[in-house]
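# Examining the three-dimensional arrangement
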Amino acid sequence: SRVWLWTGKLMIAFSYELSRRESKMGTPERPISDLGLVSYRSYWVYALLEILHKHRGSISVQELSERTAFRTDDIVKTLQAFNLIRYFGGQHSILVTPKTLEQHYTNAKPNWIIDSTKLRWTPYHERPKR
């Protein structure tokens, strides 16, 4: 049902926000089901396109990983699934035209957003010792 899909995507967004707060990479448990992959990929593509939509100039997969807390292989596979990356010269190159970006970005807009400014949470390793 749509409620379960929305709740799943909200939980994915929330878990990645916590990962960013802890400066850790996030990823789903493996193996991931087909339905789980669809949900994660939907979240990943929107988050990546949001960065690419605002970013000017070149950006590496590693930089995207640092900004999102996504594993680099999750980024590469997601961009490949949407035909937004090529491999040549021994490296991956993100190839996104403004038209392609706008088309995918518009279609990927979520109905779930985590407002990180409202999140009050301290990572475990930063909590005072008792």
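Residues numbered from 1 in each chain as written. Predicted model: local features only at pLDDT ≥ 70, side-chain atom pairs only at ≥ 80, totals over all residues. Heavy atoms only, no water.

### Points about the nonpolar core
Counting residues in each nonpolar core, the largest one holds 25 residues, and the members touching the most others are Tyr16, Tyr43, Leu49, Leu64, Phe70, Ile75 and Leu79. Secondary-structure elements contributing two or more residues to this core are helix H1 (2-21), helix H2 (34-54), helix H3 (61-68), helix H4 (72-81) and helix H5 (98-108). Look past the residues within four positions of Tyr16 in its chain and what remains in contact with it is Gly26, Thr27, Pro28, Tyr40, Tyr43, Trp44, Thr68, Ala69, Phe70 and Asp74. (Core = buried A, V, L, I, M, F, W, Y, C linked by side-chain atoms within 4.5 Å. Buried < 20%, exposed > 50% of the residue type's maximum accessible area, 1.4 Å probe, protein only. Helix = DSSP H or I, 4+ residues; strand = E, 2+ residues; numbered from the N terminus. Contact = heavy atoms within 4.5 Å.)

### Notes on the packing of aromatic side chains
Applying the stated criterion across every chain yields a total of 6 aromatic pairs. Consider the rings of Tyr16 and Phe70, whose centres lie 4.7 Å apart with planes at 70°: the pair is edge-to-face. With Tyr16 in helix H1 and Phe70 in the loop between H3 and H4, the pair connects residues that are 54 residues apart, well separated along the chain. The exposure class assigned to Phe70 is buried, which follows from its relative accessible area of 0%. Members of the aromatic cluster, each reached through a chain of ring pairs, are Tyr16, Tyr40, Tyr43, Trp44 and Phe70. (Phe/Tyr/Trp six-rings, centres within 6.5 Å; stacked < 30°, edge-to-face > 60°.)

### Quick notes on the pattern of salt bridges
Counted under the stated rule, the structure contains 6 salt bridges. Between Arg20 and Glu17 there is a salt bridge, with the nearest N and O atoms lying 2.9 Å from each other. Placement of both Arg20 and Glu17 in helix H1 is noted, with a separation of 3 residues, approximately one turn of the helix. When its relative accessible area of 29% is taken as the criterion, Arg20 is described as partly exposed. Arg71 is the partner of Asp74 in a salt bridge, and the nearest nitrogen-oxygen pair spans 3.9 Å. Take Asp74: its relative accessible area is 3%, and that puts it in the buried class. The partly exposed category is assigned to Arg71, whose relative accessible area is 28%. Here the salt bridges do not stand alone but share partners, grouping Arg30, Arg71, Asp73 and Asp74 into one network. (Salt bridge = Lys/Arg side-chain N within 4 Å of Asp/Glu carboxyl O.)

### Describing the environment of Arg127
Looking at the element boundaries, Arg127 is found in the segment after H5. Those residues in contact with Arg127 that lie beyond four places of it in its chain are Trp121 and Thr122.

### A few points about unusual backbone geometry
The omega torsion across Arg30 and Pro31 is 0°, close enough to zero to call that bond cis. Mapped onto the elements, Pro31 comes out in the loop between H1 and H2. At Ser23, a residue that is not glycine, the phi angle is positive and equals roughly 55°. Structurally, Ser23 can be placed in the loop between H1 and H2.

### Looking at the pairing of strand S2 (residues 91-94)
When strand S1 (residues 85-88) meets S2, the two strands line up antiparallel, connected through 4 bridges. When the sheet's bridge partners are listed, Arg86 is paired in S2 with Ser93. Counting the residues in the hairpin turn of S1 and S2 gives 2 residues, including Gly89, whose phi is positive at 65°. (Pairing = 2+ DSSP bridges.)

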